[in-house]
There are 2 protein chains.
Amino acid sequence: MMARTGRRPGNVDTRSEILAAARQQFAVDGFSGATIRRIAAAAGVDPALVHHYFGNKRQLFVASLELPFDPTPVVGSVLPGEAERAGERLVRTLLEVWGTDNGQAMMQSLLRSALTDEQVMRTLREFMLETMVSPLVVEIAPDQHRFRTTLLASQVMGLAILRHVARVEPLASADPEMVVAAVAPTLQRYLSGDVGGA
Amino acid sequence: MMARTGRRPGNVDTRSEILAAARQQFAVDGFSGATIRRIAAAAGVDPALVHHYFGNKRQLFVASLELPFDPTPVVGSVLPGEAERAGERLVRTLLEVWGTDNGQAMMQSLLRSALTDEQVMRTLREFMLETMVSPLVVEIAPDQHRFRTTLLASQVMGLAILRHVARVEPLASADPEMVVAAVAPTLQRYLSGDVGGA
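It should be emphasised that the depicted structure is a prediction, and the values quoted were computed from it without experimental measurement. (Residues numbered from 1 in each chain as written. Chains lettered and ligands numbered in written order. Predicted model: local features only at pLDDT ≥ 70, side-chain atom pairs only at ≥ 80, totals over all residues. Heavy atoms only, no water.)

S.K.: Which parts of the structure should I look at to understand unusual backbone geometry?
M.R.: Across the chain, the bulk of peptide bonds are trans and the bulk of non-glycine residues have phi less than zero. Omega for the peptide link from Glu169(A) to Pro170(A) comes to 5°, which places this bond in the cis form. Tracing the sequence through the fold places Pro170(A) in the loop between helix H9 (145-165) and helix H10 (176-192). (Helix = DSSP H or I, 4+ residues; strand = E, 2+ residues; numbered from the N terminus.)

S.K.: For this particular structure, what's the right way to read the relation of the copies chain A and chain B?
M.R.: Overlaying chain A with chain B gives an RMSD of 0.1 Å, the required rotation being 180° about an axis along which the chain moves by 0.0 Å. Expressed as an axis order, the relation between the two copies is that of a two-fold axis. Taking the C-alpha atom as reference, chain A places Gly158(A) closest to the rotation axis, 1.9 Å from it. When the interface residues of chain A are mapped onto chain B, 100% of them again lie at the interface, so the same face is used by both copies. (Least-squares fit on C-alpha atoms with pLDDT ≥ 70 in both. Contact = heavy atoms within 4.5 Å.)

S.K.: In this structure, what is going on with the packing of aromatic side chains? I would like to understand it.
M.R.: Within a pair of aromatic rings, the relevant descriptors are the distance that separates the centres and the angle that separates the planes. All names here are of chain A. Applying the stated criterion across every chain yields a total of 4 aromatic pairs over all chains. Judged by centre distance (6.2 Å) and plane angle (80°), the ring pair of Tyr53 and Phe54 falls under edge-to-face. Comparing Tyr53 with Phe54 shows no difference in burial state: the two are buried. Directly above the ring of Tyr53 sits Arg15, whose terminal nitrogen or CZ lies 5.3 Å from the centroid. (Phe/Tyr/Trp six-rings, centres within 6.5 Å; stacked < 30°, edge-to-face > 60°. Buried < 20%, exposed > 50% of the residue type's maximum accessible area, 1.4 Å probe, protein only. Lys NZ or Arg CZ within 6 Å of the ring centre and 35° of its normal.)

S.K.: Is there a simple way to think about the interface of chain A and chain B in this case?
M.R.: Put simply, an interface is often sized by how much accessible area is lost when its parts join up. Listed by partner, the interface residues are 38 residues for chain A and 38 residues for chain B. Between chain A and chain B, a total of about 3300 Å² is buried, with carbon and sulfur atoms accounting for 69% of that surface. At the junction of chain A and chain B, the tally comes to 0 salt bridges. In this structure, the connection of chain A to chain B is made through 10 residue pairs in polar contact (both at pLDDT 80 or more). Listing elements by their share of the side of chain A that touches chain B, those giving two or more residues are helix H7 (101-116), helix H8 (118-140), H9 and H10 of chain A. (Buried area = accessible area lost by both parts, 1.4 Å probe. Salt bridge = Lys/Arg side-chain N within 4 Å of Asp/Glu carboxyl O. Polar contact = N/O pair within 3.5 Å; in protein donor to acceptor, adjacent residues only side chain to side chain.)

This is the structure we're talking about:
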């Protein structure tokens, strides 16, 4: 579990205790409610040690879920460039990430645990929306950004499930650029187009 | 279990045996591979008795999953009318069905069991695509209908999950007509618009 992160192991017991405390806190308080300070207190260590081992709260959350990588940089690869092609960049980036072995493993385990465990689902939902989707949408379309965020998430999640978890053909084996061509206009409209309402 | 169907109970043991045999056959052979004849043989009854108790294979499948209603008529309510507004009719009908207590209960149990049980997922996916989505798409847009079908299913499934299972706000509480306005153009494009490719 620890070996995957590529960091020096430190005191393995201490790291395990911090991760266990983090999982507990994230489950109870959600991503935004949990604090490094209280996680450290629950693990009986100094907050500085938590930062030393895991970095910031987001990185600790990623470690506590045993994600094989931190998904947050996806946003960084999508934002730069023409706003009217952000939907295209987003779906292309997601398909690339999902297509890796790490991405596949992460998605399957995440989706299943998220949909069968209310607490994991709540924390993960909040984490994904707050750290990834919402900043993207706010940057591109500040009006109705919360509604746009959930619309975007609905198409992204459905695509992930059909293509990578349920593996429904022909979508599951379709060339990524074919999927980009089909789905990018949807994401672009949810990001910056007309979604009805105000 | 039986009482829900509103049919006369008949021999409860025989019905239970038929349903158990049906679940087994659907899991092993999928929806299209399973036959009433073999299900009857496995239950040790005459095929006519299966038809008598449950109707056709689709109705038997609905009963075997303990769905509170048969979702197939949704297609019948969407097809009539202008083809260019079928996406709008589809999302409006789905939101109505999902909004009922029966619909909510069905969706949550279905999605969870489908995503955690490979066999249920495979059978259900095939059932939904063959009996509901695909006929709709074939009628409206015969070209690329299999690809369109899975695109449509990806948005529908993501919407169901975000709105009714994960209950992500503001999508979860949004007025149905607001959701219709936002999502109908997506479904319409997947049904009959430009999705790239041939």
